[in-house]
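# Structure at a glance
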Amino acid sequence: MKELTIAATVENIETVTNFVNEQLEALDCPMKAQMQIDIAIDELFGNIAHYAYNPEIGQATVRVEVVEEPLSVVITFIDNGVPYDPLAKADPDTTLSAEERGIGGLGIYMVKKSMDEIAYEYKDGHNILKIKKNLN
Amino acid sequence: MTIEKNLNGAELNVKVIGRLDTTTAPQLEAEFKGNINGVEKLVLDFAELEYLSSAGLRVILAAQKVMNKQGEMIIKNVNDTINEIFEVTGFIDILTIE
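Let me sum up the structure you'll find in this document. The written sequence of each chain sets the order in which its residues are numbered from 1. For naming, the first written chain is A and the first written ligand is 1, with later ones following in the order written. Residue-level local features of this predicted model are given only where pLDDT is at least 70; pairs of side-chain atoms are given and counted only at 80 or more, and the full residue set underlies all totals for whole chains, interfaces and linings.

## So, the overall build of chain B
- Regarding its fold elements, chain B presents three helices and five strands.
- The numbering of helices and of strands both runs from the N terminus, where a helix is a DSSP run of H or I of at least 4 residues and a strand a run of E of at least 2. When its helices and strands are written in sequence order, chain B yields β-β-α-β-β-α-β-α.
- Dimensions of chain B along its principal axes, counting C-alpha atoms only, are 30 × 25 × 20 Å.
- When each of the 98 residues of chain B is scored for burial, the buried share is 38%.
- Here, residues touch in the contact sense if the C-beta positions derived from the backbone fall within 7 Å of one another. Partitioning the contacts of chain B with sequence separation of at least 6, the portion at a separation of at least 24 is 69%. Residues with at least 20 neighbouring C-beta atoms inside 10 Å of their own are called buried, those with 12 or fewer are called exposed, and the rest are partly exposed, where every C-beta is derived from the backbone.

Here's what the structure looks like:
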């Protein structure tokens, strides 16, 4: 298990992505899965950066765990900002025209569709969001 | 992300290279804001776009809405990963992909 605790800012999305990618590369993660995970980091860490402590800046922890058989990676995002369950939101209507469409909820929807598992809990003052992706 | 643009009369060609995400999407948004006036055909070349997140989709949707009013927008050279994102999000139905 490896863990990174860092200021939750948009500028740090890249640092988090590089940190996770290093672990993925050590696992020979398929390119597509890595891209899907990178997108998930952009959405999830981006959400924390934008909303968890706004307008203050707080810390967030990103934990990477490897699970065997089937080989998968579990990434956990932890912050102690305002309680927010991104999974509580209804999925966006993806059949609307350009004019009718808003963009709300699309990020988390993409993460739900591309990951194998996603779970949220609020515990001891922490938002804990966990995603799991099978690598083979 | 790098943006290469080429304005030819009323046709604007924009090539997006790299990642279109939370960090870089504002850059593309600014390009559109500054250059889209009077454009009748907007061509986005995604040949070297690695991936995009919802922040990128938001900018693409905004450009599509503007171009629906003043002309057309075409996206070309969409790779499999990007195409899958367009499919999952239903963007495939509102964009013109060549």
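## Considerations on the sheet that holds strand β2 (residues 59-67) of chain A
Residues and elements named next belong to chain A.
- We treat two strands as partners when DSSP finds at least two bridges between them. The sheet built from five strands is open, its strands ordered β1-β2-β3-β5-β4 with antiparallel pairing. Single-partner strands in this sheet number two, and they are β1 (2-7) and β4 (117-123). The sheet shows a mean angle of 15° between the axes of neighbouring strands, direction not considered.
- Sheet analysis places β4 next to strand β5 (residues 126-134), joined by seven bridges and oriented antiparallel. The partner of E117 across the bridge, within β5, is K132.
- Its contacts with the sheet put helix α2 (residues 31-52) on β2, β3 (72-79) and β5, and the angle it makes with β5 is roughly 170°. To obtain each axis, a line is fitted to C-alpha atoms, and for helices this fit is confined to the stretch in contact; angles are then taken between N-to-C directions over 0 to 180 degrees.

## With respect to the interface of chain B and chain A
- Each partner contributes residues to the interface: chain B has 18 residues there, and chain A has 21 residues.
- Mapped onto the side of chain B that touches chain A, the elements with two or more residues apiece are α2 (54-70) and α3 (80-88) of chain B.
- In terms of residue count, the dominant contributor to the side of chain B that touches chain A is α2(B) (seven residues).
- Charged means Asp, Glu, Lys or Arg here, nonpolar means Ala, Val, Leu, Ile, Met, Phe, Trp, Tyr, Cys or Pro, and polar covers whatever is left, Gly included. The residue makeup of the side of chain B that touches chain A, split by class, is six nonpolar, nine polar and three charged.

## Some remarks on the nonpolar core
All names here are of chain A.
- Core analysis: the biggest nonpolar cluster contains 57 residues, and I41, L44, F45 and I48 have the highest contact counts within it.
- With 11 residues, α2 is the single largest residue contributor to this core.
- Not counting chain neighbours up to four residues away, the residues in contact with L44 comprise F77, V111 and L129. The nonpolar core is taken to be a set of buried Ala, Val, Leu, Ile, Met, Phe, Trp, Tyr and Cys residues joined by way of C-beta atoms within 7 Å.

Nothing here speaks to function; it is geometry throughout.
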